[in-house]
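Analysis of the macromolecular model
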Amino acid sequence: MLLVVDVGNTQTHLGVYQGLTLVHDWRFATVRESTADELGAALTNLLALRGVGFADIDASIVSATVPSLRPQWTAMAQRYLGHEMLLVGPGLKTGMPIRYDNPREIGPDRLVNAVAGYERVGGACVIVDFGTAVTHDVVSAGGEYLGGVIFPGLEISMEALAARAAALPAIDLTPPRALVGKSTVDAIRAGVLYGYAGMCDGIIDRLHDELGDFKTLATGGLAGAVVPHCRTIDIADDLLTLTGLRLIWERNQ
C-alpha cells in the first residue's frame, strides 16, 4: 500500500492507495508543532480504524506547505514505517516542465494539483484549490506549469472580518437562504460564498480571455461550499491532490 499525505496550512489530507485505487482517506487539523512521534501516533489510530497496520504500508510520499512539518513527517516514516518517505520538492521528478521565475517558490501542493489536473484532462487546464488560500494554477496544452493566481481563502477572510468588525459575528459556511440576506449572518454568508464564487469566475473569465480554451478543475477542503455557486468550474474533485501525489510517486520509481 502507498501512503500519500498532503499537509496544508489548515488541514492535513492523507490517503492509502492499493494499486491505482484509493481505499481510505482522512482529513484532520494541521498542528504545526506536531512531532514525528505525535504524527506516528495519529497515523496509527487512523489506520487502525480501517484495519490497516504500519506493516501494510510499503511506500509513502508527502507534500507539505508547512516547512516545519516536512522533517517531522519524513522522520515519522523512517521511525514507524521503516522506509524513506518521498518529499515533494526540488529534485523530485514530476514529469512537468516549470515555466516559473523561481521554481522553488511554488507551493508543493500547487505543483501536485497541476500534475493531477493535466493527467485528468490531457490538455490545457486551470486548477482552483479552495484551501487556506485560493489558488488558480495554469497548465498549458503541452503540459507546462505556467504560473497562477493566489488570494486569501474563505476562512482567513471570515476570521479577519470577525476580528476587525466588533459588531459582526463569526459564522459557518452554511448556504444563505437568498442572495439578499434578511439577517446579518445570512448577509455575511451570501457575501462570502457568492463573493468568492464571483472572484473565482472572474479570474477564470480573464484567463480564458488571455489563454483561450482550457478545462477548469476545483479541489480543496472548502471547494464543496463554493463550487455550487460557480459557473466556470468543469470538474470538482476533492481527491485531486492525493491523485497527484500518487502520480508523482509512480514517476520516481
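This one's a predicted model, so the numbers in the text were calculated from it and none came from an experiment.

**Observations regarding the sheet that holds strand E9 (residues 215-219)**
- Read from one edge to the other, the open sheet built from five strands follows the order E8-E7-E6-E9-E10, with strand pairing classed as mixed. With one partner strand each, in any of the chains shown, strand E8 (145-152) and strand E10 (235-236) form the two edges of the open sheet.
- The pairing of strand E7 (residues 133-139) with E8 spans seven bridges and is classified as antiparallel. Looking at the pairing, valine 134 lines up with phenylalanine 151 of E8.
- Set on the sheet, helix H3 (residues 108-121) makes contact with strand E6 (125-130), E7, E8, E9 and E10; between it and E6 the angle comes to about 135°.

**Remarks on the nonpolar core**
- Counting 28 residues, the largest nonpolar core has Val128, Phe130, Leu154, Leu173 and Val226 as its most contacted members.
- Where this core is concerned, the elements lending two or more residues are E6, E7, helix H4 (154-164), helix H5 (184-211) and helix H6 (223-226).
- Take this core: its biggest share by element is nine residues, from H5.
- Apart from the residues lying within four places of it in its own chain, the contact partners of valine 226 are Phe130, Leu154, Leu193, Tyr196 and Ala197.

**Quick word on the UniProt feature "binding site: substrate" (unreviewed entry) in the protein chain**
- Listed under "binding site: substrate" (unreviewed entry) in the UniProt record, and renumbered for this structure, are Tyr100, Gly107, Pro108, Asp109, Arg110 and Thr184. Separation in sequence by 85 residues is matched in space for these annotated residues, since their most distant C-alpha atoms are 42.7 Å apart.
- One can find proline 108 in helix H3.
- Setting aside its immediate chain neighbours within four residues, proline 108 contacts Ser63, Ala64, Thr65, Arg70 and Val88.
- Within the element layout of this structure, aspartate 109 appears in helix H3.
- Owing to a relative accessible area of 18%, aspartate 109 belongs among the buried residues under this scheme.
- Filtering out sequence-adjacent residues up to four positions away, aspartate 109 remains in contact with Asp6, Ser63, Thr65 and Asp129.

Reading guide: rules and limits
- Residues numbered from 1 in each chain as written.
- Predicted model: local features only at pLDDT ≥ 70, side-chain atom pairs only at ≥ 80, totals over all residues.
- Heavy atoms only, no water.
- Pairing = 2+ DSSP bridges.
- Helix = DSSP H or I, 4+ residues; strand = E, 2+ residues; numbered from the N terminus.
- Contact = heavy atoms within 4.5 Å.
- Axes fitted to C-alpha atoms, helices over the stretch in contact; angles between N-to-C directions.
- Core = buried A, V, L, I, M, F, W, Y, C linked by side-chain atoms within 4.5 Å.
- Buried < 20%, exposed > 50% of the residue type's maximum accessible area, 1.4 Å probe, protein only.
- UniProt positions renumbered as here; feature names shortened; annotations may be inferred.

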